[in-house]
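Now for the letters of each chain:
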Amino acid sequence: MPTLATVVDGLKLPNPFVIGSGPPGTNLSVINRAFREGWGAVIAKTVSLDASKITNVSPRYAKLHAESGEVIGWENIELISDRPFKLWEDEFKKCKDAQPPGALIASIMEEYNKDAWIELVQRCEAAGVDAFELNFSCPHGLPERKMGAAMGQNPEILEEVCGWVKSAATKPFWAKMTPNITHIEEPGRAALRGGATGLAAINTIRSVMSVNLDTLRPEPNVEGYTTPGGYSSKAVKPIALRMVMELATMIRKEFPGRSLSGLGGIETGEDAAQFILLGADTVQVCTGVMKFGYECVKPMQEQLLAFMEKHKFETLADFKGRSLDYFTTHADLVKRQTDRKAAQKAAAAAAATATPSKVVKNDAEWTGDDFVKQSDALSKG
Ligand SMILES: Cc1cc2nc3c(=O)[nH]c(=O)nc-3n(C[C@H](O)[C@H](O)[C@H](O)COP(=O)(O)O)c2cc1C
């Protein structure tokens, strides 16, 4: 019987399914609900020291529907938590005092200020959190404060900030990467050099959902205007898989043993299996929970177990990173295909020469093409 239980960076998780930072982990009530439904860990909504600087707008979501009506893409212009940090400290503590069955992970974000990052880490640890995720990746709000993706797109700053966190944290911490960059390995490498225990990818992709053809206003429309937001849900999965593959390949070569948490469009156990096959230790779900509710973790677990049973995998480690070996360069694909076709042709030619021609039974059976072989066959009787 396979097991989903796993240990990642010392965190004992009943399963690899983690609530991704966002609305599904936005206060104690919903965090508790997630644990009750069986999530392996919860990453809370990103917190900072001074929530008074955070003002959200509404509407702040816009969705892309398939013809069937299914939501396949989701843009948000939501900021990090607008709830006071003091309240978060109390809620982290209450949550941990109740001894949840999974890990409680604080997602943190601050300005480029060493003291602020260290204070945030120390106060969250005092409240009892099990680990951290550093949000270096929110694509929309707060670039004026050099927070989120504005920081995550700068490998030098990333390395320095991870170094500050490393100097203060006694718990593991993952650096959450922005996909809004050409080579995600560069910030990933910088974060690991700075001391991050692991990486998480991806945050949302900078996007504009649509333009209303009646009003000519882009959406989501806030007082007639908009700002580019972050794209998530099913439609981003191929991009997330590619980036997870690139990070996992880099980790395997340069930082063996560091962890990777994959996310972006995960909705099923089969999606999760794909991220793990490409090197993820854990898988996170954010928009999926907003589409299907917290209980979606149950079918996801069943589907992942069914996949493991089919392949006779006992643990997640049995297949983590297995499919990374099947990536190569395009030039190598051409070579492999040319070699295979040449080998097939040679085998067919060899088979043709090896096949003895039928012995002609009467003069009508002689053919021009096979004349030599037919003559030969007659000499062998
Ligand atoms: C409405 C919304 C709010 C989000 N807020 C945060 C956040 O506060 N911190 C963070 O690190 N990521 C945040 N995210 C990003 C998600 O954690 C995740 O990286 C991204 O949505 C891709 O995964 P998904 O397709 O499972 O949602 C948010 C996403 C959504 C849709």
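From a predicted model like this one, the values you see are computed outputs, not experimental measurements. (Residues numbered from 1 in each chain as written. Predicted model: local features only at pLDDT ≥ 70, side-chain atom pairs only at ≥ 80, totals over all residues.)

## A look at unusual backbone geometry
At step 1: For the bond from Ala201 to Ile202, the omega torsion is 10°, close enough to zero to count as cis.
At step 2: For Ile202, the position within the fold is in the loop between strand 10 (198–201) and strand 11 (205–207).
At step 3: Looking along the chain, the bond that leaves Glu219 and enters Pro220 is cis, with omega of 0°.
At step 4: Here Pro220 is to be found in the loop between strand 13 (218–219) and strand 14 (229–232).
At step 5: The phi dihedral of Leu216 is positive, around 65°, even though this residue is not glycine.
At step 6: Within the fold, Leu216 resides in the loop between strand 12 (210–211) and strand 13.
At step 7: We classify Leu216 as exposed; it has 7 C-beta atoms within 10 Å. (Helix = DSSP H or I, 4+ residues; strand = E, 2+ residues; numbered from the N terminus. Buried ≥ 20, exposed ≤ 12 C-beta atoms within 10 Å, placed from the backbone.)

## Comments concerning the packing of helix 6 (residues 185–193) against helix 7 (residues 237–254)
At step 1: Where helix 6 contacts helix 7, the two axes come as close as 10 Å, and the packing angle between them is 40°. Accordingly, the angle class assigned to the pair helix 6 and helix 7 is oblique. The way helix 6 lies across helix 7 gives a crossing that is right-handed. Contacts between helix 6 and helix 7 involve Glu185, Gly188 and Arg189 from the first element and Glu246, Leu247, Met250 and Glu254 from the second.
At step 2: Residues that form the contact of helix 6 with helix 7 fall into these classes: two nonpolar, one polar and four charged. (Axes fitted to C-alpha atoms, helices over the stretch in contact; angles between N-to-C directions. Parallel < 35°, antiparallel > 145°, perpendicular 65-115°, else oblique. Left-handed = near helix turned anticlockwise from the far one by under 90°. Contact = placed C-beta atoms within 7 Å. Nonpolar A, V, L, I, M, F, W, Y, C, P; charged D, E, K, R; others polar.)

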